[in-house]
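Examining the three-dimensional arrangement
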Amino acid sequence: MAVPRFWREIPSRYNLIGSRCGNCNKVMFPPRHICPHCRRIGKLEPYKLKPRGKVVSYAITHVAANGFEDQVPYVLAIVELEDGPRLTTQITDCDPAEVKIGDEVEIVFRRMGEEGEDGVLYYGYKGKLVKP
Amino acid sequence: MRDVAVIGVGITKFGELWDVSFREMIIEAGARAIEDAKIDGKQLDAMYVGNMSSGQFIRQEHTGALIADHAGLVPIPSTRVEGACASGGLALRQAVITVASGIHDFVVAAGIEKMTDVLSGVAMGALATAADQEWEVYVGATFPGLYALMARRHMYEFGTTEEQMAMVAVKNHQNACFNPCAQYHMKVTVDAVLNSPPVTLPLKLLDCSPITDGAACVILAPAEKARKFNDTPILITGTGQASDSISLHSRPSLTSLRATTEAAKAAYKMAGVGPDDIDLAEVHDCFTIAELMAIEDLGFCKKGEGGKVTQEGETAIGGRIPINTSGGLKGKGHPVGATGIAQAVEIVQQLRGEAGKRQVDGAEIGLAHNVGGSGGTAVVHVFKRGD
Ligand SMILES: [Zn+2]
């Protein structure tokens, strides 16, 4: 991935900045450029999401995506954040067999993967189980 | 709008066709369709080509013109259509709309993908470009991963089992054994599927459709002119297409594809039929869970009962609603851009009564369902024997 393409999304990936529509109050993540509900009368502003949510579904990846080969097996999940939006993320720092639907997770900052060509290390969010 | 008929179909062998080029494949499928329609190539007016990613697979774009050129069809207009794995279905729909509108009479809808000229890791990466690169692939999602998320949630909400998913693979491999153009002529058992290597659990290797080379072609004509070419023209009575968010996490449900339900609603309405009227269907079984969700979303059974009706044999040839008699993407193979056209080829052969050992007795109305990505695009067509 080209460096500018990665750099543009840093605020969202590092700080979980999504969008909120000033017209309908809906919170969105990933950020959008137009509110799909209000379209032209919508008014989007940056919105920092609370890094907490629950697992909606999960899958244990044994055949990695390109650049993630060193991480298998890894848990891919869809997490519904307390603010409403859902995101796709890995669940990190756990035994894959532990993860269940409904588990509480905290969104944390982690190394994602690496891409050899430009030597850039990629960072972003991962989910971490919140132990009761 | 004019009624539209299929007057000719052609398809190549599906598989790892290392000795055949992109150009040879599309010419072979096209020549068979022209021969089947008994039409002179000079009569053809326009062409649509479904192709997902020749740029990534063979480093060749601009394949609309390339194909018209190599088929000896210049100067007719030739347009490539892209909607990930639904590219073929979208090309068919564009051809239907073109004939129905009266702009052209004899229109080719073709589909092709040459996937095995690159290593399988490269092919997987190319397919993943149909998912959201910034917010799915970036975090490590693969296509099997996205469908595995749907599968896990389907198991959670409805009690669907891995055995029931495996039964889709068993049935589709069984059907593929009777299809000469299928990639696999190899039966599998439930145990073999369950014990195949993990890809993204709960999906194992034999839950996944393969990487395939192949091409397919249909020729459309206005219904009133169709009988001059063919004694059993097959009418396309309904077409529907819908879009949804490209990323799975942005959709309210993980267990239903809204693009499928919307496309089906439009196609059923146009055809004036409902799910109970359909005699057989080709559905987009890129993964076994996808077939279970498709038969639910198309209305062939209640939501959540896809696994149960599959287990009870209702979707087998001879069952209540035979699904993927061709072998589906799973058994016949999945050359992504060709798949939507190959589905149409199967339905036409079935409605003509030319499907050999996989023939569904008395089939009069068939349906084809083609999905792009994890459900960002879906397209549905309804076909009817035109007696
Ligand atoms: Zn709004």
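Residues numbered from 1 in each chain as written. Chains lettered and ligands numbered in written order. Predicted model: local features only at pLDDT ≥ 70, side-chain atom pairs only at ≥ 80, totals over all residues. Heavy atoms only, no water.

Taken together, the 30 residues of chain B in the interface contact 36 residues of chain A. Overall, the association of chain B and chain A removes approximately 2800 Å² of surface from exposure, summing both partners, and the carbon and sulfur fraction of that is 62%. Connecting chain B to chain A are 1 salt bridge. In this structure, the salt-bridge partner of Arg13(A) is Glu134(B), at a minimum N-O distance of 3.0 Å. Applying the counting criterion to the chain B and chain A interface returns 11 residue pairs in polar contact (both at pLDDT 80 or more). Taken together, the elements giving at least two residues each to the side of chain B that touches chain A come down to helix H5 (120-128), helix H6 (143-158) and strand E5 (198-201) of chain B. At 6 residues, H6(B) tops the list of elements feeding residues into the side of chain B that touches chain A. Its residues placed into classes, the side of chain B that touches chain A shows 15 nonpolar, 10 polar and 5 charged. As paired elements, strand E4 (residues 52-61) of chain A and E5(B) share 2 bridges and run antiparallel to each other. Within E5(B), the position partnered with Thr61(A) by the bridge is Thr200(B). (Contact = heavy atoms within 4.5 Å. Buried area = accessible area lost by both parts, 1.4 Å probe. Salt bridge = Lys/Arg side-chain N within 4 Å of Asp/Glu carboxyl O. Polar contact = N/O pair within 3.5 Å; in protein donor to acceptor, adjacent residues only side chain to side chain. Helix = DSSP H or I, 4+ residues; strand = E, 2+ residues; numbered from the N terminus. Nonpolar A, V, L, I, M, F, W, Y, C, P; charged D, E, K, R; others polar. Pairing = 2+ DSSP bridges.)

Before going further, it helps to examine the sheet that holds strand E2 (residues 46-50) of chain B. Residues and elements named next belong to chain B. Strand order in this open sheet of 9 strands is E3-E2-E4-E7-E1-E8-E11-E10-E9, and the pairing throughout is mixed. Each edge of the open sheet carries a strand with a single partner, namely strand E3 (78-81) and strand E9 (280-282). This sheet shows a mean twist of 25° between the axes of neighbouring strands, independent of strand direction. In terms of strand pairing, E9 meets strand E10 (residues 365-372) through 3 bridges, oriented parallel. Pairing of leucine 280 across the sheet is with glycine 366, part of E10. Against the sheet, helix H1 (residues 22-37) touches strand E1 (4-11), strand E4 (107-113) and strand E7 (214-222), its axis set at about 130° to E1. (Axes fitted to C-alpha atoms, helices over the stretch in contact; angles between N-to-C directions.)

Now for the pairing of strand E11 (residues 377-385) of chain B. Residues and elements named next belong to chain B. Most of E11 sits inside the fold, with 7 of its 9 residues counted as buried. Of the strand pairs in this sheet, strand E8 (residues 234-243) and E11 are connected by 9 bridges, and their pairing is antiparallel. Paired with threonine 239 across the bridge in E11 is histidine 381. Looking at chain direction, E10 and E11 are connected through 8 bridges and run antiparallel. (Buried < 20%, exposed > 50% of the residue type's maximum accessible area, 1.4 Å probe, protein only.)

Considering all chains together, one arrives at 8 aromatic pairs over all chains under this definition. Between Phe29(A) and Tyr125(A), the ring centres sit 5.8 Å apart and the planes meet at 70°, which makes this aromatic pair edge-to-face. Highlighted residues: Phe29(A) in the loop between strand E2 (27-28) and strand E3 (44-48) and Tyr125(A) in strand E8 (residues 121-129), separated in sequence by 96 residues. Under the relative-accessibility criterion, Phe29(A) is labelled buried at 5%. A connected cluster of aromatic rings, assembled from ring pairs, spans Tyr14(A), Phe109(A) and Tyr123(A). The residue whose ring lies beneath Arg13(A) is Trp135(B), and the NZ or CZ to ring-centre distance is 5.0 Å. Above the face of the Tyr138(B) ring, Arg13(A) is positioned so that its terminal group lies 3.6 Å from the ring centre. (Phe/Tyr/Trp six-rings, centres within 6.5 Å; stacked < 30°, edge-to-face > 60°. Lys NZ or Arg CZ within 6 Å of the ring centre and 35° of its normal.)

Residue and element names in this part refer to chain B. Running from amino to carboxyl end, helix H7 (residues 162-176) crosses helix H11 (residues 288-297) at an angle of 95°, the nearest separation of the two axes being 8 Å. By the angle between their axes, H7 is roughly perpendicular relative to H11. Where H7 approaches H11, its residues Met165, Val168, Ala169, Lys171 and Asn172 are matched on the opposing element by Thr288, Ile289, Glu291 and Leu292. Grouping the constituent residues of the contact of H7 with H11 by class yields 5 nonpolar, 2 polar and 2 charged. (Parallel < 35°, antiparallel > 145°, perpendicular 65-115°, else oblique.)

With that out of the way, let us pick up the domain arrangement of chain B. All names here are of chain B. As assigned here, chain B comprises domain 1 (4-118 + 212-226) and domain 2 (120-209 + 237-385). Inter-centroid distance (C-alpha atoms) of domain 1 to domain 2 is 22 Å. Opposite the 42 residues of domain 1 that make contact, domain 2 presents 40 residues. For domain 1, the biggest contributors to the area lost against domain 2 are Phe14, Cys85 and Arg93; these three give 21% of the whole. One can count 1 salt bridge joining domain 1 with domain 2. Note that arginine 352 and aspartate 36 form a salt bridge whose closest N and O atoms lie 2.9 Å from each other. In this structure, the connection of domain 1 to domain 2 is made through 13 residue pairs in polar contact (both at pLDDT 80 or more). When contributions to the side of domain 1 that touches domain 2 are tallied by element, the ones reaching two or more residues are E1, helix H2 (54-58), helix H4 (87-101), E4 and E7. The dominant element in the side of domain 1 that touches domain 2, judged by the number of residues it contributes, is H4, at 7 residues. Across the side of domain 1 that touches domain 2, the residue classes tally to 22 nonpolar, 14 polar and 6 charged. (Domains from an automatic or database assignment.)

Turning our attention to the coordination of the zinc ion. Residues and elements named next belong to chain A. Coordination sphere of the zinc ion, protein contribution only: Cys21 (SG), Cys24 (SG), Cys35 (SG) and Cys38 (SG), at 2.2 to 2.4 Å. Angles of 104 to 117° at the metal separate the 4 donor atoms of the zinc ion, which places the site in the tetrahedral class. Along the chain, the residues that donate to the zinc ion are spaced as C-x2-C-x10-C-x2-C. By relative accessible area, which is 0% here, cysteine 21 ends up buried. (Donors = N, O, S within 2.8 Å, 3.2 Å for Na, K, Ca; no water. Tetrahedral: all angles 85-135°; square planar, octahedral: opposite > 155°, others 65-115°.)

A separate point is helix H10 (residues 258-271) of chain B. The periodicity of an α-helix, 3.6 residues per turn, causes residues three or four places apart in sequence to face the same way. Residues and elements named next belong to chain B. Spanning 14 residues, H10 covers 20 Å between terminal C-alpha atoms, matching the ideal 20 Å at 1.5 Å per step. Within H10, burial applies to Ala259, Thr260, Ala263, Ala264, Ala267, Tyr268 and Ala271. Seen end-on, H10 carries its buried residues on one side only, within an arc spanning 150°. Turned more than 90 degrees away from the buried face of H10 sit Lys265 and Lys269, all of them exposed. Among the structural elements, E8, H11, E10 and E11 are those in contact with the buried residues of H10. (Expected span 1.5 Å × (residues − 1). Arc of directions from axis to C-beta.)

Attention now moves to the nonpolar core. Residues and elements named next belong to chain B. Grouped together as the largest cluster of nonpolar side chains are 92 residues, with contacts concentrated most on Tyr147 and Phe300. Two domains each provide a minimum of three residues to this core, namely domain 1 (4-118 + 212-226) and domain 2 (120-209 + 237-385). Counting residues in hydrophobic clusters, the runner-up holds 38 residues, among them Ile11, Leu220, Ala342 and Ala363. (Core = buried A, V, L, I, M, F, W, Y, C linked by side-chain atoms within 4.5 Å.)

All names here are of chain B. The terminal C-alpha atoms of H4, which comprises 15 residues, lie 21 Å apart, in line with the 21 Å expected from a rise of 1.5 Å per residue. By the criterion of burial, H4 is predominantly enclosed, with 12 of the 15 residues buried. Along H4, the positions that sit buried rather than exposed are Ser87, Gly88, Gly89, Leu90, Ala91, Leu92, Arg93, Ala95, Val96, Thr98, Val99 and Ala100. A positive phi of about 90° marks glycine 102, the residue just after H4.

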